[in-house]
Amino acid sequence: MTTLITAVGLLSIVTGLLAMVTEPMLEADGVFAALQIASGFSGVLVGFGLLAAAWGMRRDYWLGYAAAALLLVLSTVHGVVQTRFVSIPLVVVSLAGVALLVRQRRVFTRSISLTPTQAGTLFAIGAFFVYGTVGTYVLRTDFDQVDTLVDALYYTFVTASTVGYGDIHPTTENGRLFAISLATLGPATVAVAVGSLFSPFLKSRFERTHARVRQLNRTTSDDVVLLGDSSLDEAVVENLAEQVSLTVLTAEEEWARSLSDRGIDVRSGDPTDEETLEELALEDLTAVVIAVDSQTVPYAVVAVRRADPDVSIVAVATTGDAADVAEFDTDVTIDPKVSLARTAAAAALGRDADAV
């Protein structure tokens, strides 16, 4: 599906560029003629928007799905308005994309969570452009060549981007004072916005790179595979990754993405599938840690034993009774609740907790 959205995006860009240098099949005048001209460069913008939406859909974001649906409709409209022969494939493919999106609307469920700082930044950007556009339009008599809201928005955008073409400029003191406020607030707002919106992404990338470097520099050769799910605390996984060369195998894509963002090597797959386990080369591992629900443990143990009968298996009772897990063919069974109770008791009695 994302491949089709990407293809439509690229086709929209190419069609928009061709529409800018070719003549329409249907000559028009007035408003429709202006729309024919504008649909060329706006079609290019829609194409880039579809590429961004495809990126979001690859990560199962609902926002990416919604944006793709809207942009596909706009792409269809652009193809019709352009009235070029080269626009026909764009209309056909866009309509096909809309039909496929409707059928797959339940696949994309991942939401985007913004921090308070990011939400405040988006609000500040919107407030600035409303302030600049409305203010410039209200003071249009104090500016040269400001007649419409589009002119006011254009002047606000140019000022915020520090481009300053000079085609629109204030002609009175009131206009100059307002222009000073835009020149002060605009670049500052944009700079803060870029930092707050993209810093979490950059931080995640740096953490992943740091984790890979740390793993390469680790002196130990202990390789461990963890078969787990989201019932296992991520802090436990991070701590284990700091001590051994860890690879996590999980069937939960959301949890896999979360661990990957933290710099942990993650493979998506069924922990009970023998072919998936064989791809991990279990014969070269120090141990396999199984930390899934008690109902899945026996199937995971059987799959691991079939893939490599000699590998050491450590089972963690994340749910259910540890006694049930201990019945299976594991080398070590750990009950976190019992371990916590023993550690707490040892600490209360003044004993060495590490000896528990």
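The rules behind these values
Residues numbered from 1 in each chain as written. Predicted model: local features only at pLDDT ≥ 70, side-chain atom pairs only at ≥ 80, totals over all residues. Heavy atoms only, no water. Core = buried A, V, L, I, M, F, W, Y, C linked by side-chain atoms within 4.5 Å. Buried < 20%, exposed > 50% of the residue type's maximum accessible area, 1.4 Å probe, protein only. Helix = DSSP H or I, 4+ residues; strand = E, 2+ residues; numbered from the N terminus. Contact = heavy atoms within 4.5 Å. Phe/Tyr/Trp six-rings, centres within 6.5 Å; stacked < 30°, edge-to-face > 60°. Lys NZ or Arg CZ within 6 Å of the ring centre and 35° of its normal. pLDDT = per-residue confidence, 0-100. Pairing = 2+ DSSP bridges. Patch = residues over 30% accessible without salt bridge, like charges linked within 9 Å, V, L, I, M, F, W, Y side chains within 5 Å. Areas by Shrake-Rupley, 256 points an atom, 1.4 Å probe, with all protein chains shown as cover. Salt bridge = Lys/Arg side-chain N within 4 Å of Asp/Glu carboxyl O. Axes fitted to C-alpha atoms, helices over the stretch in contact; angles between N-to-C directions. Parallel < 35°, antiparallel > 145°, perpendicular 65-115°, else oblique. Left-handed = near helix turned anticlockwise from the far one by under 90°. Nonpolar A, V, L, I, M, F, W, Y, C, P; charged D, E, K, R; others polar. Right-handed = clockwise from strand over helix to strand, strands pointing away.

Peer 1: Before we move on, could you go through the nonpolar core and cite the residues and values that matter?
Peer 2: Counting 17 residues, the largest nonpolar core has Leu227, Leu277, Leu282, Val288, Ile290 and Val304 as the members making the most contacts within it. Looking at this core, the elements that each hand over two or more residues are strand 3 (223–228), strand 6 (287–291) and helix 11 (297–307). Here this core gets five residues from one element, more than from any other, and that element is helix 11. Excluding anything up to four places from it in sequence, Leu227 contacts Leu249, Pro271, Leu277, Val288, Val289, Ile290, Ala291, Val292, Ala300 and Val304. Val224, Val244, Val289 and Val316 belong to the second largest nonpolar core, which has 15 residues in total.

Peer 1: Explain the packing of aromatic side chains to me, and be specific about the residues and the numbers.
Peer 2: Enumeration according to the criterion identifies five aromatic pairs in this entry. Measuring from centroid to centroid gives 6.5 Å for Phe143 and Phe178, while their planes differ by 85 degrees, and the two rings are edge-to-face. Note that Phe143 is positioned in strand 1 (residues 143–144) and Phe178 in helix 7 (residues 173–217), a separation of 35 residues in sequence. You'll find Phe143 and Phe178 in the same group, each marked buried. Linked through ring pairs, Tyr131, Phe143, Tyr155 and Phe178 together constitute an aromatic cluster. The positively charged end of Arg140 is found above the aromatic ring belonging to Tyr137, 4.2 Å away from the centroid.

Peer 1: Describe the confidence of the model for the protein, listing the residues and the values that go with them.
Peer 2: Averaged over every residue, the pLDDT of the protein is 80; residues scoring 70 or more account for 81%. The lowest-confidence element of the protein is helix 12 (residues 322–326), averaging 55 in pLDDT; the highest-confidence one is helix 6 (residues 149–160), averaging 90.

Peer 1: Account for the pairing of strand 6, with residues named and values stated.
Peer 2: Along strand 6, five of the five residues are buried, which leaves the element largely enclosed by surrounding structure. Going residue by residue along strand 6, you find Ala287, Val289 and Ala291 tucked away on one face and Val288 and Ile290 tucked away on the opposite face as well. When strand 3 meets strand 6, the two strands line up parallel, connected through five bridges. Along strand 6, the bridge assignment pairs Leu226 with Val289. Alignment of strand 6 against strand 7 (residues 312–316), held across four bridges, turns out to be parallel.

Peer 1: Tell me what's going on with a nonpolar patch on the surface, and back it up with residues and numbers.
Peer 2: A cluster of nonpolar side chains, namely Val14, Leu17, Leu18, Met20, Val21, Met25, Phe41, Leu45, Phe85, Val86, Ile88 and Val92, defines an oily patch on the protein surface of about 1,200 Å² accessible area. When residues of the nonpolar patch are traced back to their parent elements, those giving at least two are helix 1 (2–21), helix 2 (31–58) and helix 4 (88–103). For the nonpolar patch, the element with the most residues is helix 1, which contributes five residues. Inspection of the secondary structure puts Val86 in the loop between helix 3 (62–82) and helix 4. Exposure remark for Val86: the relative accessible area of 32% places this residue in the partly exposed category.

Peer 1: Explain helix 9 (residues 253–261) residue by residue, including any values.
Peer 2: Every buried residue of helix 9 is listed here: Trp255, Ala256, Arg257 and Leu259. Against the buried residues of helix 9 lie strand 3, helix 8 (234–243), strand 4 (245–250) and strand 5 (265–268). Of the residues flanking the end of helix 9, it is Gly263, one or two places downstream, whose phi is positive at about 90 degrees.

Peer 1: Tell me about the packing of helix 1 against helix 3, and please be specific about residues and values.
Peer 2: Angle between the axes and distance between the axes are the two parameters that describe a pair of packed helices. At a closest axis distance of 11 Å, the pairing of helix 1 and helix 3 adopts a crossing angle of 30 degrees. Our classification of the angle between helix 1 and helix 3 gives roughly parallel. For the element pair helix 1 and helix 3, the recorded crossing hand is left-handed. Here Ile5, Val8, Ser12, Thr15, Gly16 and Ala19 of helix 1 lie close against helix 3, whose contacting residues are Ala68, Leu72, Ser75 and Gln82. In terms of residue class, the contact of helix 1 with helix 3 is made up of five nonpolar, five polar and no charged.

Peer 1: Any chance you could break down the pairing of strand 7 for me, citing the residues and the numbers?
Peer 2: Counting buried residues along strand 7, four of its five residues qualify, which places the element largely inside the surrounding structure. Viewed along the sheet, the connection from strand 6 through helix 11 into strand 7 turns out right-handed. Looking at chain direction, strand 7 and strand 8 (residues 332–334) are connected through three bridges and run parallel. Among the inter-strand pairings, Val316 is bridged to a residue of strand 8, identified as Ile334.

Peer 1: Describe in detail the pattern of salt bridges, supporting the description with residues and values.
Peer 2: All chains considered together, the criterion is met by two salt bridges. The salt bridge partner of Arg267 is Asp265, with a shortest N-O separation of 3.8 Å. With a relative accessible area of 39%, Arg267 lands in the partly exposed category. When its relative accessible area of 29% is taken as the criterion, Asp265 is described as partly exposed. Among the salt bridges present, the one from Asp331 reaches Arg305, with a minimum N-O distance of 3.2 Å. Taken together, the positions of Asp331 in the loop between helix 12 and strand 8 and Arg305 in helix 11 put the pair 26 residues apart, joining distant regions of the chain. Of the residues examined, Asp331 reaches a relative accessible area of 46% and is grouped as partly exposed. According to the relative accessible area criterion, Arg305 is buried, its value standing at 14%.

Peer 1: Run through the sheet that holds strand 3, naming residues and quoting values.
Peer 2: Within the open sheet, the six strands sit side by side as 5-4-3-6-7-8. Their pairing is parallel. Where the open sheet ends on each side, the last strands, each with one partner, are strand 5 and strand 8. Taken over all neighbouring pairs, the strand axes of this sheet differ in orientation by 20 degrees on average, direction set aside. Those strands touched by helix 11 are strand 3, strand 6 and strand 7, and its axis lies near 165 degrees from that of strand 6.

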